[in-house]
Number of protein chains: 2
Amino acid sequence: MTIPPPCLTEGITSLLGSGVYMAAYPLHDGDINEEATESNDRKLLYEEWANYSVFFKYQPIGLVRKYFGEKIALYFAWLGLYTQMLIPASLVGVIVFLYGCATVDDNIPSMEICHPENNITMCPLCDQVCSYWKLSTACGTARASHLFDNPATVFFSIFMALWAAMFMEHWKRRQMRLNYEWDLTGFEDEEDHPRAEYEFQVLQKSFRNHQKSKPKMEKLTYQDRLPAYMTNVVMMLLMIGVTFATVFGVIFYRISTKAALHMSSNPVTRSHVQLTVKTTAAIINLVVILILDEVYGAVARWLTVLARNLGSCPVSAWSNWAPPALLFPGSPVDPSLPEVPKTDKSFEERLIFKTFILKFVNAFSPIIYIAFFRGRFVGRPGSYLYVSESYRMEECAYGGCLMELCIQLSITMLGKQLIQNNLFEIGIPKLKKLLRYIQSKQGAVPEEERQKKLQRYETDHFLEPFAGLTPEYMEMIIQFGFVTLFVASFPLAPLFALLNNIIEIRLDAKKFVTELRRPVGARAKDIGIWYNILRGVAKVAVIINAFVISFTSDFIPRMVYQYKYSQEGSMHGFVNHTLSFFNVSHFQEGSEPLDQLHLGYPVEICRYKDYREPPWSNTPYELSKEFWTVLAVRLSFVIVFQNVVMLMSDIVDWLIPDIPKDISVQIHKEKILLVDLFMKEEQGKVRNLESRLSTGDKEKCDQGSNNSTVAFDHQGAEQDNSAKPQVLWSSSSVRVKALVGHL
Amino acid sequence: MTIPPPCLTEGITSLLGSGVYMAAYPLHDGDINEEATESNDRKLLYEEWANYSVFFKYQPIGLVRKYFGEKIALYFAWLGLYTQMLIPASLVGVIVFLYGCATVDDNIPSMEICHPENNITMCPLCDQVCSYWKLSTACGTARASHLFDNPATVFFSIFMALWAAMFMEHWKRRQMRLNYEWDLTGFEDEEDHPRAEYEFQVLQKSFRNHQKSKPKMEKLTYQDRLPAYMTNVVMMLLMIGVTFATVFGVIFYRISTKAALHMSSNPVTRSHVQLTVKTTAAIINLVVILILDEVYGAVARWLTVLARNLGSCPVSAWSNWAPPALLFPGSPVDPSLPEVPKTDKSFEERLIFKTFILKFVNAFSPIIYIAFFRGRFVGRPGSYLYVSESYRMEECAYGGCLMELCIQLSITMLGKQLIQNNLFEIGIPKLKKLLRYIQSKQGAVPEEERQKKLQRYETDHFLEPFAGLTPEYMEMIIQFGFVTLFVASFPLAPLFALLNNIIEIRLDAKKFVTELRRPVGARAKDIGIWYNILRGVAKVAVIINAFVISFTSDFIPRMVYQYKYSQEGSMHGFVNHTLSFFNVSHFQEGSEPLDQLHLGYPVEICRYKDYREPPWSNTPYELSKEFWTVLAVRLSFVIVFQNVVMLMSDIVDWLIPDIPKDISVQIHKEKILLVDLFMKEEQGKVRNLESRLSTGDKEKCDQGSNNSTVAFDHQGAEQDNSAKPQVLWSSSSVRVKALVGHL
């Protein structure tokens, strides 16, 4: 149907590419609702694995491996372990959240805010249209903030950092155990690469054997990969640009809507401003994230194909355009040639990595904006900062941005999981299946007749082709990011993740068993680059949590107040301490509130949340000493937190051995047995040699003896002939060891 | 001679322990100054390796490996690479130092200090006995400080962090290459452990075979190792306590000497106070470090022996005291038994680690004190802090403690290297050799007669026994610490290390060739725990350098002044900005200087180096806003520096592959060849089987077929008989792969 790209490999791939065949896939084991007495593996998997009613059971990983191959089984084993590890995390998270709920009434700062006698007059939050307001109106937000901003969250983020380290270690052990059980301990990835390309090259080489010139291979492959590299870089920059643009778009939406709503004089509208804007903005963010996620997925697939065509078989790709003498250098044993398939793999890994970066930026940039940038650069009453003429920077509510961070996190996480799971993972495949079915129906054969004589390969053809595990892993890694990165501000994340994953496992299982064509079984020793990405996310999580605790939450200002400024060492007076003074006569021309008497009385001094000098100091409204003190403590906290948690993670890493003890013992024992077996076989040969040796060629034997094995007879040459067989035996054992060494 | 410890292994070790033999060692290859025409390996090594005149040549590592075994050759290969890597580091270090020298006259702060017109009156540095002084007297120190405290050192410490990462990566590659060349790619440490203990246990097991009870082995080993663990913990705490005690002792010496010298009214004595105290204190520190180093070495050796006796053969150790039924459980294939020798190794590694911690603390605690604690908690004029009644905390000179840190670093590093190299590594072995010679001389045989008939084993017995590589590695790792940890304050450290190591390689070589008995050749794949320790030191180096730059040097205050406080954006006025004001009328009773008119005029306001509020502010002498600002910037710098450098190190780690490309290609190719060989051998057997198969037992063949290798014929059972040999071949290939996998 399509013109074959110049770089397809020989064999079935090429035939598929040139449209000789429509598709090629292994067949499923039979129907899941077959009434046959003998049950097939597919039916067994459907009943014992792809079923919500068995959600509490361990997965039958052995059977999954048998049916789908090691690579897919490893994904499900990983997902299973991750879900299992989420159980303690969500338990502790729920306890932390309940602790917040239980102590909300003992929280002195929110009590002080809510107390009707502490009726502090606050400055307007924007110029002109906003007016003075009472601090007690922020009572609800302050109380809600306490749920996520209490000392327990500090403990919880340390706990989650260690949890992530534990998870890594346990996965290494599980992987090692599976490797052993599945006979993969000595397996290396190169082994199962298609060698077709290599053979193709050798073929072409022999065809062009008369040309003797040897140009450099290195430069060629570099030139060859350049288009792909360039495309990658450009696409990456473009995509990240798009992400940031959407983030700023949403911010702009929020600012302008808020301004427009502020303008309206209807008090009911204005009272709902905050809620409306927050919710719609979060939903827009979510929709944008979901759409961009799909776009990025498509881009990644396109780039992968591009890379495969440009990167994996460079020699054949270029043979159509360049003089062959330049392009088919070296002999078949040229060291760079066997690298071709390997490079393909690493190239794909790099693409996965890039896609991950894109999706990660996409999912987390609105959240990072809220956590670290929003409300930081707003200026102060009377001189608010403006991005452009009439749009000023966003500020946070009194309780800090933590509450909004929470809302954004939960909407993104829940929405992503619900919509992606239901719509994209169930809905779209079903739709596609229906479409394919309708397409085939347009053939002339009557329905009932078709149904009856349908072969296995025909029914399987209606199914969706298997598109790789990348989307599955990607979804889970992004979720892992939600669970670890901002856990300090949202302790319920592990619980949501756990609930999602319990469904996700069975959903994916259902998809693999019933909705997809059977994938070609592939062997894999590990989960590849995903493990490195997980490690990276866990590392970034430490520093992000340190910053969330010290900058987004009010933990550090409270601490500083309690131990440095408070007279009686309690939190009483904290609210007053965090509020600076503003003299309303200092409003610049045109920035004073229009509605001066909104509260019913004229205001002389209003308060705002910042650490700035009071109007009566020598340097009014400059950042005060308290600001710098709190900042220094915040930064120290980041340093201490990061290093302590990294040290603890390293200790966890060091304490838990990578290979389970029983497995390592077992491997060791089998090795000894194998060496013994070789020995015996070799000794048989030695006995044959011995008869020939009796003629005695001394020098050869001495050459064979190795100085490290014969520590005490460096002067072995002076020994008598009776030592011969011993020395020969040792030499043969050295040979066996060398053999073992090379495997 | 001594009663054999209950836990020695069987064989030569036991005979040595019970005094049957005096010593056991492999013999050297002959004399180094033998006149024989045929040259032996030892002579060759002496001429081509253990010789200062060949210092510019690569070491003959292959020959070293042949003569001394892989383990020792790896040490020298590592030392060689380290020395080689030090060349670029010292080059850059010298350039940085020269940059400091070249810019010393353009340095505005030191120019301002030295300018005679800027005659700022400084407050006394201590109560009563000290008097006012002129800032211009600190001119020399300020100029000298600039040599080590300029922007280039920031660059240099980033460079050295990356250098450390590069060094690690290069060593991994070199190690891999050596492994390949020395046929160690598949070698595992367990292989070359003495199996004598295991056989001994099997022997005892068969002797006690009638007892069937199976108690837990785990608990026993735990109980068994408890004494050793306890000894370790106690010794560690004790030793660290001793180290800290000596550090405080030296501090106390400095404080009290200074106080005593200040008391004296002789002006000549007083002018030399600073120099005398600094130098003597540094030398005392050095002597203490050297002595404690030897003590720790001895303790480590003692602990190792203890651990070997208590830890390595627990079963035989306990057999003398406990009822056998409890202590000899399980069968010879009990999974915990083969762990015995492995545990021994890990136990020894832990001991090395502990010794390292001790020596590290010993070498670096005085330096860390000077860098981070000295001069930090001195109080201010009029209310200096006192540790006890008359001894106050130490302060630094005007230029900060960086200068003193430099002096301490260079004295410790040079002194340690010179004295340890010359005295301990050359002197003491020679002395011991002499002693042994004298001892043996006291025998009755006349000298000339002895000399003539001396056998190889007799001459070798005069040599020092080989005591392991631990001291050699330890020395180098501590040096690596000097090179990386405080490199921000001492850019010449790599140069000193390079000069030392050029000598060290040949010195060690000489020692191994001429002074030591030939060690028993041992195989090793890597440098073991030392690599992890190196990694740890490199990690710690990043954070320590971050702190040295931001807290010990004046880099951050200068930056803050230039970009925040300076009017014209230059460094003019920086000195004035760092000095706070003190009103002499605020001196407390008894703390004002006795010699009020030391400068020749009465002083009203004096200055001191600190960021504190002036006397005329509302809160006089409190830490000022500038202090907190500078502190915040300092802490931010630490965070940024640490994370940027860690990220860059990770990128270096990621960019440089662990296995050189040619080696990995070669290994891969050999593996394919080997598998092919196996295949052919197996196919021979298959042909034999084939004739028997023609009778046809279908089921067996189908069982043998593996679903992952026959992706396209899941319904293979329906195929005709001609597929049989193919399936069998595949099954045999699976067997070969499994075999390969287990090695």
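Residues numbered from 1 in each chain as written. Chains lettered and ligands numbered in written order. Predicted model: local features only at pLDDT ≥ 70, side-chain atom pairs only at ≥ 80, totals over all residues. Heavy atoms only, no water.

### Things to note about the overall build of chain A
Within chain A, the regular secondary structure consists of 26 helices and 6 strands. Taking the contacts inside chain A whose residues are at least 6 apart along the sequence as the reference set, 81% of them involve residues at least 24 apart. Roughly 36100 Å² of accessible area belongs to chain A as shown, and the carbon and sulfur atoms make up 62% of that amount. (Helix = DSSP H or I, 4+ residues; strand = E, 2+ residues; numbered from the N terminus. Contact = heavy atoms within 4.5 Å. Areas by Shrake-Rupley, 256 points an atom, 1.4 Å probe, with all protein chains shown as cover.)

### What about the side chain of E112 of chain B?
All names here are of chain B. Take E112: it is sitting in helix α5 (residues 108-114). Of the side chains with opposite charge, R607 comes closest to the buried, unpaired E112, at an N-O distance of 9.9 Å. With near-sequence residues (within four places) excluded, E112 lies in contact with N118, M571, H572, G573, F574 and V575. (Buried < 20%, exposed > 50% of the residue type's maximum accessible area, 1.4 Å probe, protein only. Lys, Arg positive; Asp, Glu negative; His and termini not counted. Salt bridge = Lys/Arg side-chain N within 4 Å of Asp/Glu carboxyl O.)

### Thoughts on the UniProt feature "transmembrane region" (unreviewed entry) in chain A
Residues and elements named next belong to chain A. As annotated by UniProt and renumbered to match this structure, "transmembrane region" (unreviewed entry) occupies residues 72-99, 152-168, 226-253, 273-292, 351-372, 476-499 and 533-551. Secondary structure within residues 152-168 divides into 100% helix and 0% strand; the distance between the first and last C-alpha atoms comes to 24 Å. Span residues 533-551 is 100% helix and 0% strand, its end C-alpha atoms 26 Å apart. (UniProt positions renumbered as here; feature names shortened; annotations may be inferred.)

### Side note on the side chain of S550 of chain A
Residue and element names in this part refer to chain A. Its place among the elements puts S550 in helix α20 (residues 529-552). Taking relative accessible area as the criterion, S550 reaches 0% and is therefore assigned buried. For S550, the side chain forms a polar contact with the main-chain oxygen of A546, separated by 3.0 Å. Excluding residues that lie within four positions of it along the chain, S550 makes contacts with I556, R634, F637 and V638. (Polar contact = N/O pair within 3.5 Å; in protein donor to acceptor, adjacent residues only side chain to side chain.)

### Some points on the packing of helix α23 (residues 625-655) of chain A against helix α23 (residues 625-655) of chain B
Running from N to C, α23 of chain A and α23 of chain B point in directions that differ by 25 degrees, and their axes come no closer than 8 Å. In terms of axis orientation, α23 of chain A runs roughly parallel to α23 of chain B. α23 of chain A and α23 of chain B meet at a crossing whose hand is left-handed. Each of K625, W628, T629, L631, A632, L635, S636, V638, I639, Q642, N643 and M646 of chain A in α23 of chain A lies in contact with α23 of chain B, whose residues at this interface are K625, W628, T629, L631, A632, L635, S636, V638, I639, Q642, N643 and M646 of chain B. Across the contact of α23 of chain A with α23 of chain B, the residue classes tally to 14 nonpolar, 8 polar and 2 charged. (Axes fitted to C-alpha atoms, helices over the stretch in contact; angles between N-to-C directions. Parallel < 35°, antiparallel > 145°, perpendicular 65-115°, else oblique. Left-handed = near helix turned anticlockwise from the far one by under 90°. Nonpolar A, V, L, I, M, F, W, Y, C, P; charged D, E, K, R; others polar.)

### Describing the packing of aromatic side chains
We describe a pair of aromatic rings using the distance from one ring centre to the other and the angle between the two ring planes. Here the structure, examined in full by the defined rule, presents 78 aromatic pairs over all chains. With centroids separated by 5.8 Å and ring planes inclined at 15 degrees, the aromatic side chains of W163 of chain A and F167 of chain A adopt a geometry described as stacked. You can see W163 of chain A and its partner F167 of chain A sitting in helix α7 (residues 151-181), 4 residues apart, about one turn around the helix. An identical accessibility class is assigned to W163 of chain A and F167 of chain A; each is buried. Arranged with centres 5.3 Å apart and planes meeting at 20 degrees, the rings of Y473 of chain A and W530 of chain A form a pair that is stacked. Here W530 of chain A lies in helix α20 and Y473 of chain A lies in helix α18 (residues 470-484), a separation of 57 residues in the sequence. One residue, R607 of chain A, lies across the ring of F581 of chain A, its end atom 3.8 Å from the ring centre. The cationic tip of R518 of chain B hangs over the ring face of Y67 of chain B; the distance from NZ or CZ to the ring centre is 3.9 Å. (Phe/Tyr/Trp six-rings, centres within 6.5 Å; stacked < 30°, edge-to-face > 60°. Lys NZ or Arg CZ within 6 Å of the ring centre and 35° of its normal.)

### What to know about unusual backbone geometry
In this structure, D183 of chain A is a non-glycine residue whose phi angle is positive, near 60 degrees. One can find D183 of chain A in the loop between α7 and α8 (196-207). The residue Y621 of chain B is not glycine, and still its phi comes out positive at about 65 degrees. Among the secondary structure elements, Y621 of chain B is positioned in the loop between β6 (605-609) and α23. Given a relative accessible area of 7%, Y621 of chain B falls into the buried group.

### Thoughts on the domain arrangement of chain A
All names here are of chain A. Each domain of chain A was delimited in the assignment, giving domain 1 (34-189 + 461-468 + 491-656) and domain 2 (661-687). Taken over C-alpha atoms, the centre of domain 1 sits 51 Å from the centre of domain 2. In this assembly, 4 residues from domain 1 lie in contact with 5 residues from domain 2. For the domain 1 and domain 2 pair, buried surface summed over both sides reaches about 440 Å², with 63% attributable to carbon and sulfur atoms. By the criterion of area lost to domain 2, the three top residues of domain 1 are M176, R177 and Y180, representing 88% of everything that side buries. At the boundary of domain 1 and domain 2, one finds 1 salt bridge. A salt bridge links R177 to D662; the nearest nitrogen and oxygen atoms lie 3.2 Å apart. Summed over the shared surface of domain 1 and domain 2, the result is 2 residue pairs in polar contact (both at pLDDT 80 or more). Taken together, the residues of the side of domain 1 that touches domain 2 sort by class into 2 nonpolar, 1 polar and 1 charged. (Domains from an automatic or database assignment. Buried area = accessible area lost by both parts, 1.4 Å probe.)

### Thoughts on the pattern of salt bridges
Two side chains bearing opposite charge may form a pair once their charged atoms approach each other closely. Per the stated rule, a full pass over the model turns up 34 salt bridges over all chains. With its nearest N and O atoms 3.3 Å apart, the salt bridge here joins R518 of chain A to D29 of chain A. Within this pair, whereas R518 of chain A is found in the loop between α19 (493-515) and α20, its partner D29 of chain A is found in the loop between α1 (12-17) and α2 (41-48), the two being separated by 489 residues in sequence. A relative accessible area of 4% means that R518 of chain A is categorised as buried. Linking K609 of chain B and D554 of chain B is a salt bridge whose minimum nitrogen-to-oxygen distance equals 3.1 Å. Taken together, the residues span a long stretch of sequence, with K609 of chain B in strand β6 and D554 of chain B in the loop between α20 (529-552) and α21 (555-565) at a distance of 55 residues.

### Observations regarding the state of the cysteines
Residue and element names in this part refer to chain A. For the structure shown, the criterion picks out 4 disulfides over all chains. Each sulfur of the disulfide joining C123 and C606 lies 1.9 Å from the other. Taking the torsion about the S-S bond as the criterion, the C123 to C606 disulfide, at about 95 degrees, is right-handed. Of this pair, C123 sits in the loop between β1 (121-122) and β2 (133-134) while C606 sits in strand β6 (residues 605-609); the two residues are 483 residues apart in sequence, bridging distant segments of the chain. Taken as a pair, C123 and C606 share a single burial class, namely buried. You can see C406 has no disulfide; the closest cysteine sulfur is in C101, sitting 11 Å from it. (Disulfide = S-S within 2.5 Å.)

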